[in-house]
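Residue strings, one per chain:
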Amino acid sequence: MEHLLDIIASLCERDSKYYDIRYMEEAGRFVSYRNGEFQGAGESLERGIAVRVVNEGISYGFFNDENKASEVVGRTIDRSHKNGKNQLSGGTPITDKWEVKASQSPGDFSLDDRIDLVKSMDSLMNDLNAGVRINVLNDREVRQLYVNSLGSRIEGKFPRIGYYYVMGFNQNGSFEQSYNQFGITGGYENFGTMKIEEEVKDDARKLSSAATAAKIEPGRYDVILGPDLSGIVAHESCGHPTEYDRIIGREGALAGESFLSGKDFPYRVGSEDVSVIDDPTMTGSYGYYKYDDEGIMARKRYLYRNGLTSEFILNRESAAILGMESNAGGRSSSWNHEPLARMSTTYIEPGEMSLDELVEGVKLGVYMGSYTEWNIDDIRFNQKYVGKDSFMIRNGKLAEQVRRPILETTTTGLYSAVDGTSKELHFSAGTCGKGEPEQGIEVWMGGPHVRLRNMYLS
Amino acid sequence: MESLDRLYERLSRRNFDDIVLQQVSGAVSQVRFSNNRVDLESNWVEETIEVFAARGKKIIAYEINDLSRLDSAVEFLTGTVDRMPENPSYEGINTVKTDQGNWNSKARESDLNDYALAMIGSAVDNGAQKCAGILYRKTNTTSLITPYNSLSVTTSGHEAVIRSFAGESTGQEALHFGPDTTFSDRVLEKMGKESAQTASRKVPRRVGDAGKIDVILSPYVIGSLLSYSAQYFSAESVIAGLSFLEGKIGKDVSSRAVSLLDDPTDRRGIAFVPFDMEGTITRRNVLIEKGILKTYVHSCSTAKRFNTHTTGNAGILNPMPWQLKLMPGTGKVDSMISESRNALLILNTWYTRFQDDRNGVFSTVPRDGIFHVIDGEIVESWSGVRISDSIPNILKSITQTSRDTKWVKWWLEISPSEMPFASLENINISRSF
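Cut-offs used in this document
- All residue numbers refer to positions counted from 1 along the written sequence of the respective chain.
- Whichever chain is written first is A, and whichever ligand is written first is 1; the rest continue in order.
- Only residues with pLDDT of 70 or above have their local features reported here, since the model is predicted, and side-chain atom pairs are shown and tallied only from 80 upward, although totals for entire chains, interfaces and linings are computed over all residues.
- In computing side-chain values, all of the structure's heavy atoms are included and hydrogens and water are not.
- Sulfur atoms of two cysteines make up a disulfide when they are within 2.5 Å.
- Relative accessible area decides the class of each residue, using a 1.4 Å probe on protein chains only: under 20% of the type maximum gives buried, over 50% gives exposed, and in between gives partly exposed.
- Numbered from the N terminus, helices here are DSSP runs of H or I no shorter than four residues, and strands are runs of E no shorter than two.
- Between any two strands, pairing holds if DSSP finds at least two bridges.
- Note on contacts: a residue pair qualifies if any of its non-hydrogen atoms lie within 4.5 Å across the two residues.
- Note on terms: buried area is the combined drop in 1.4 Å-probe accessible area of two parts once they are placed together, counting the loss on both.
- Each salt bridge in this description consists of a side-chain nitrogen of Lys or Arg and a carboxyl oxygen of Asp or Glu lying within 4 Å of one another.
- Whenever two N or O atoms come within 3.5 Å, that pair is a polar contact, provided that in protein one can donate a hydrogen and the other can accept it, and provided that, for residues adjacent in sequence, both atoms are side-chain atoms.
- For this classification, Asp, Glu, Lys and Arg are treated as charged, while Ala, Val, Leu, Ile, Met, Phe, Trp, Tyr, Cys and Pro are nonpolar and the rest, including Gly, are polar.
- For the domain bounds, the source is a domain assignment made automatically or taken from a database.

1. A few points about the state of the cysteines
All names here are of chain A.
Here's step 1: For the coordinates displayed, the defined rule picks out zero disulfides over all chains.
Here's step 2: Free cysteine Cys432: the closest other cysteine sulfur is in Cys238, separated by 13 Å.
Here's step 3: Its relative accessible area of 3% is what places Cys432 among the buried residues.

2. Considering the pairing of strand 2 (residues 37-54) of chain A
All names here are of chain A.
Here's step 1: For strand 2, the tally of buried residues reaches 15 of 18 residues, placing the bulk of the element in the interior.
Here's step 2: In the sheet, strand 1 (residues 18-34) pairs with strand 2 via 17 bridges, with the strands oriented antiparallel. For Arg34, the partnering residue across the bridge sits in strand 2 and is Glu37.
Here's step 3: Counting the residues that bridge the hairpin from strand 1 to strand 2 gives two residues, and of these Asn35 lies at a positive phi of roughly 50°.
Here's step 4: In the sheet, strand 2 pairs with strand 3 (residues 58-63) via six bridges, with the strands oriented antiparallel. Across the sheet, Arg52 pairs through a bridge with Tyr60, a residue of strand 3.

3. Considering the interface of chain B and chain A
Here's step 1: On the side of chain A, 79 residues touch chain B, which itself brings 79 residues to the contact.
Here's step 2: In total, chain B and chain A occlude about 6,800 Å² of area from one another, counting both sides; carbon and sulfur atoms represent 46% of this.
Here's step 3: At the junction of chain B with chain A, the criterion picks out 15 salt bridges.
Here's step 4: For the salt bridge of A:Arg250 with B:Asp39, the shortest nitrogen-to-oxygen distance reads 4.0 Å.
Here's step 5: Applying the counting criterion to the chain B and chain A interface returns 64 residue pairs in polar contact (both at pLDDT 80 or more).
Here's step 6: For the side of chain B that touches chain A, the class distribution of residues is 32 nonpolar, 23 polar and 24 charged.
Here's step 7: Relative to strand 3 (residues 58-64) of chain B, strand 2 of chain A is paired through four bridges, and the arrangement is parallel. Paired with A:Ser44 across the two strands is B:Glu63, which belongs to strand 3 of chain B.

4. Digging into unusual backbone geometry
The general pattern is negative phi for most residues beyond glycine and trans for most peptide bonds.
Residue and element names in this part refer to chain A.
Here's step 1: The step from Phe265 to Pro266 runs through a cis peptide bond, and the omega angle for that step is 0°.
Here's step 2: Residue placement: Pro266 occurs in the loop between helix 6 (244-247) and strand 9 (276-278).
Here's step 3: Here Glu436 and Pro437 are connected by a cis peptide whose omega angle stands at 5°.
Here's step 4: Even without being glycine, Lys195 reaches a positive phi, approximately 50°.

5. Focus on the domain arrangement of chain B
Residues and elements named next belong to chain B.
Here's step 1: Domains assigned within chain B are domain 1 (2-199) and domain 2 (205-226 + 328-431).
Here's step 2: Relative to domain 2, the C-alpha centre of domain 1 lies at a distance of 29 Å.
Here's step 3: Taken together, the contact between domain 1 and domain 2 spans 14 residues of the former and 15 residues of the latter.
Here's step 4: Taken together, both faces of the contact between domain 1 and domain 2 bury some 1,200 Å²; the carbon and sulfur share is 45%.
Here's step 5: Per-residue buried area on domain 1 facing domain 2 is highest for Gln172, Ala174 and His176; these three make up 43% of the total on that side.
Here's step 6: Across the contact surface, domain 1 and domain 2 share five salt bridges.
Here's step 7: Where domain 1 touches domain 2, the interface holds 10 residue pairs in polar contact (both at pLDDT 80 or more).
Here's step 8: Put simply, the parts of the chain that give the side of domain 1 that touches domain 2 at least two residues each are strand 5 (150-166), strand 6 (169-177) and helix 4 (185-199).
Here's step 9: With eight residues, the top contributor of residues to the side of domain 1 that touches domain 2 is strand 6.

In structure tokens:
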């Protein structure tokens, strides 16, 4: 089917101000277990072409049957002549090939090995007395060819592996549950780097004791967020509000706009102790790419720097509004979705302190190691995190475990309360949702331990 | 269908006990707009085949959209199934022969761009400073072959979303239109007008208060909460230990004001579907009748485990409701508001997340109109609050539903459904500090 790219390009060449074409093929696999029972396994094989044409408006066509190419491309060109927004940023043409090599690619990892791997995790959870156990392993191998009217031609190839589990404990009528997701870009030779077994053991120990732990007394506390929590904070209240398509209203009827819409920049969001980075070039990360899905070379971006907004996440369309070139934020989850301004690996920049030093500086506080329920409003300002793996801090020391402390605060309230970050950096995987049709893309979220002063918890 | 027949013929020679082939061919058009201008027009022409095969209790799934490589599907399924562990939950598919019905429909060809401009114009004329939205026209042909049935349906419909902005305030309407519902300028202009009127309502705005308060939830809010709760009605969630409805068949799970149906047979909604993935004819199922839980939704496999019959909701291993309906009551929305002494009128919500699925403990973030009603009058607009409660308590706190309903569907947040307004007592509201 990829042989059609040059034919489609010649059709578009005759009647467009700009066009780009993506061919993508993908092989995927999954295996799942639930409560000791094998649930199923399967594979998928798909391919397709996306063509975007700009004239008086912007039009997209998507098809996976080459017999439909003429019909879809013709309609796409035709509809691009309807009046609408029609600015995309340009840039320098690029010709390149890139590949994330794997010594044990997903296609080489046997079905029996996959089944053994997932079954062993279910058995481990059972040994740890988890009453609810769901384990799912999935992977995909992607090859993509991108061409555009500027002269770019880029071929990319990469494998991704994902894993998630749900684990639940019933203790004396109380229930505690955990959802944990893992992911890498690379082959199965790197599967161990996700440390799933260690996470399961640690999670199980803390969940089973949390079920009988006491709730905290509502009030003001110093709070130390663990890396899982600082990661979701970076993702939700920095990454999303700095997606420039949100700021300019493109996602207004869906995920919403941004508290940064209409502001003058740089805008102060927090203390000088906090910076947040988005970096698609981090090798092995779940959101790794060398070129985005609009043919722009990836690079690291400071979103917040020392408490001020810095760069925004741009795709070609939103960059054009700013009169800039895209900084390679254009990502699409599959061949049949448009690239939107998306995150990759988003994290709070580590500082110089140790966790012990952060804890020593707290007289009365709460350590929130991770989280269960969370949500945030559509301008990414009012947010809530319910703690998992949480402990009181008394006189500079970790004390008794507490159950589900709730931090409900604002973006500026949270980032302004930061007065210290530890030096370690830990990432967790996620699937970030955006767009219509909705497209979930693989990301990492991360950070160090982060200390907040005088926060209200309930 | 030709590809499907060919694939079935090849697989049927490979000694599988069950084979399910489902081909979906879709033609979809979309227009997106924001800041009162069209952003993008898109069109999709796609087809995909899903394969499920079983040999005894060994099962395997395959999905392919490259129809030139169907050989690889046959080789994969044949070469793999015997290496699978048994799935103890698998109990076979529907073996009853089903007659092909006259289910087809076709969406009227129309220019979605013109519809978008009509919607935008109406919103702006009624007070919106700007608006954003999406229009869809969808036509899908689904063909299914099992050893017992060969069925096909072409369905069509539309979806429309508009969100209006006026200063910091917003209003949103999001509806779906099945094959038997008219999609027209007039309906879209009404949506534009209503979203703009919500956004431009002239009342003071402030950060809301935490505490217990009565609420009036719009069809969008109750639709969103029930969409997120749909999983709890699946027998698979009950088996997994992740449903608060476990062990509750025949027991009170809500107030008597609640009767909840799953009705995929209603062609007014875009989730109209005449048969499930096992070839069972779908039907209208009563899930809750006047407060009492009547059934979970089942496939053949889950039904056998519960010693009952399939409800026509397969997903073979994970049955789910198709098109929920909270039954209307007798209340008028105006009266529900005017008779409230102290209540919140909440018109939309998003980002519902659970901390405890067994007990349905969740929070959700209201948006697009949170109005404080005192002595029957809307006196102010709130921001910065969430509903932080549990689904069991939500269901038990519903005191009445309105007689008017809306066919709501919105993005990830609201599955296609028909919902009324609902009044609830004493719901927990939290806020940020």
